[in-house]
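Given next are the chains, with one letter for each unit.
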There are 2 protein chains.
Amino acid sequence: MGEFKILEIKQSIFEDNDKDAESLRQELKKQKTFLLNLMSSPGAGKTTTLTKTIEALKDEMAIGVMEADIDSDVDAQAISKTGVKVVQLHTGGMCHLDADMTRQGIKGLGAEGIDLAILENVGNLVCPAEFDTGASKNAMILSVPEGDDKPLKYPLMFRVCDVLLINKIDVMEYFDFDLEECMERARKLNPDIKVIPISAKTGEGIEGWANWLRSEVKKWQQGME
Amino acid sequence: MGEFKILEIKQSIFEDNDKDAESLRQELKKQKTFLLNLMSSPGAGKTTTLTKTIEALKDEMAIGVMEADIDSDVDAQAISKTGVKVVQLHTGGMCHLDADMTRQGIKGLGAEGIDLAILENVGNLVCPAEFDTGASKNAMILSVPEGDDKPLKYPLMFRVCDVLLINKIDVMEYFDFDLEECMERARKLNPDIKVIPISAKTGEGIEGWANWLRSEVKKWQQGME
């Protein structure tokens, strides 16, 4: 088991979250830590995807994970089995994390020396999209059972994300999900969004996703982003 | 197609939402309108469940539906095909509805003469649980692909609901979902919660759900609740 602790997050005192997020981003850049903000609906597969991502990358970079949850520590327990540093952030009912809350998590994690810090945000397609956490990149997971119409209904989330992982493609045949249609809807909102279909369960597509992440971490550390 | 209009909802001006919700509940009781607040994650199947529910009950009672969404009107379009009155509530980015916003919806619907008004809340397991909408009863849908651990992670939502519909049971065999375990977790948080497994797609379990709803509407209209 990796290190694992629970941190009760305090409400942010900063009024200007955008400014605070930019300042956190610069701090992390200086210490060469790439921060990924991972968002999705409840149950889209964030924790399973994360476990597979860590397995793919942990031998080549130092990884730390912040698990944001209103309550419980089931996700942090699952992640800690991969052997990486994990901190469970209890948000006390808050529906999203802002930059100051993320900074508390980064401190709790002790992110010096960490190449890739991953924030598993609260499962919610609405509120987390509205708050810059200071992340280097934003990613979201949409799972096949949720339906291909989600870009129409939660447009901001699709706009703020650099990557869209479409998860649970192994069960595609049991659901009425049009992959092309979904990608087109996402790109209409965000022409630059990178779409990667995956199955965290079977491992399909994880290599492509790990390649993207590896390349982004390198660019970040070399100051090219 | 039933009546169908779009309403831009204004931010609430009331400071005491609980009081306002109670007052809306009493107004609705006087006019014999039962209000169901239906909540879930994005993609759990609220709209499909609603369509099947309406089909089961529309010949015996007057039904009106309020579809809350940040953007788009795809759900209202789907529901209006059932022939009932529908109003699409655009929340302008808000992640939940409170009692005043619900009242705006009720006015937009013209709920006089409506036996059963259904509010399809914003797809979100966090924020809607914190705001009393003035509903007679709260129901939530958890879908099998989301996982049986959701009561551990979103406890407040399970506490405030009178009914838990477990949807998409037709795909149970493709997912690692323990129905008994899930029900036990929900009942630990809320011993009185009624759990009804359904498949909105195949129609399984919809009769039991419609029976519960029919009986609650009757009790409400007879002043027994």
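Up top is the structure.
Nothing here was measured: the structure is a model prediction, and the numbers come from that model.

Residues and elements named next belong to chain B. Inspection of the entire model under this criterion finds 6 aromatic pairs over all chains. A ring pair is formed by W209 and W212, whose centres lie 5.7 Å apart and whose planes are at 15°; its orientation type is stacked. Of the two residues, W209 and W212 both sit in helix α8 (residues 206-221), 3 residues apart, roughly one turn of that helix. With respect to class, W209 is no different from W212; both count as buried.

All names here are of chain B. Taking 1.5 Å per residue as the helical rise, helix α1 (residues 17-30) with its 14 residues ought to reach 20 Å, and the 20 Å between its terminal C-alpha atoms agrees with that figure. Every buried residue of α1 is accounted for by N17, D20, A21, L24, R25 and L28. Mapping the buried residues of α1 onto a view down its axis gives an arc of 140°, with all of them on the same face. In this structure, α1 carries D18, K19 and K30 as exposed residues pointing more than 90 degrees from its buried face. Of the surrounding secondary structure, the elements contacted by the buried residues of α1 are β2 (34-40), α4 (99-109) and α8. With a side-chain oxygen lying 3.3 Å from the backbone nitrogen of D18, the N-terminal cap of α1 falls on D16. Just past α1, the residue K32 takes up positive phi, approximately 60°.

Moving on to empty space enclosed by the protein. In total, this model carries 2 cavities of 30 Å³ or more according to the counting rule given. When its volume is computed, the largest cavity comes out at roughly 50 Å³. Lining the largest cavity are P42, G43, A44, S143, P145, E146 and K168 of chain A together with G43, S143, P145, E146 and K168 of chain B. Its residues assigned to classes, the lining of the largest cavity shows 4 nonpolar, 4 polar and 4 charged. In this structure, the second largest cavity occupies an estimated 30 Å³ of space. Around the second largest cavity, the lining residues are L36, L38, T49, L50, T53, I118 and W209 of chain A. Elements supplying a minimum of two residues to the lining of the second largest cavity: β2 (34-40) and α2 (46-57) of chain A. At 3 residues, α2 of chain A tops the list of elements feeding residues into the lining of the second largest cavity. For the lining of the second largest cavity, the residue count by class is 5 nonpolar, 2 polar and no charged.

What counts and how
- Residues numbered from 1 in each chain as written.
- Chains lettered and ligands numbered in written order.
- Predicted model: local features only at pLDDT ≥ 70, side-chain atom pairs only at ≥ 80, totals over all residues.
- Heavy atoms only, no water.
- Phe/Tyr/Trp six-rings, centres within 6.5 Å; stacked < 30°, edge-to-face > 60°.
- Helix = DSSP H or I, 4+ residues; strand = E, 2+ residues; numbered from the N terminus.
- Buried < 20%, exposed > 50% of the residue type's maximum accessible area, 1.4 Å probe, protein only.
- Expected span 1.5 Å × (residues − 1).
- Arc of directions from axis to C-beta.
- Contact = heavy atoms within 4.5 Å.
- Polar contact = N/O pair within 3.5 Å; in protein donor to acceptor, adjacent residues only side chain to side chain.
- 1 Å grid on protein atoms, 1.4 Å probe; cavity = no way out; pocket = protein on both sides within 12 Å on 5 of 7 lines; lining within 4 Å.
- Points joined across faces, edges and corners; volume = space filled by probe spheres on them.
- Nonpolar A, V, L, I, M, F, W, Y, C, P; charged D, E, K, R; others polar.

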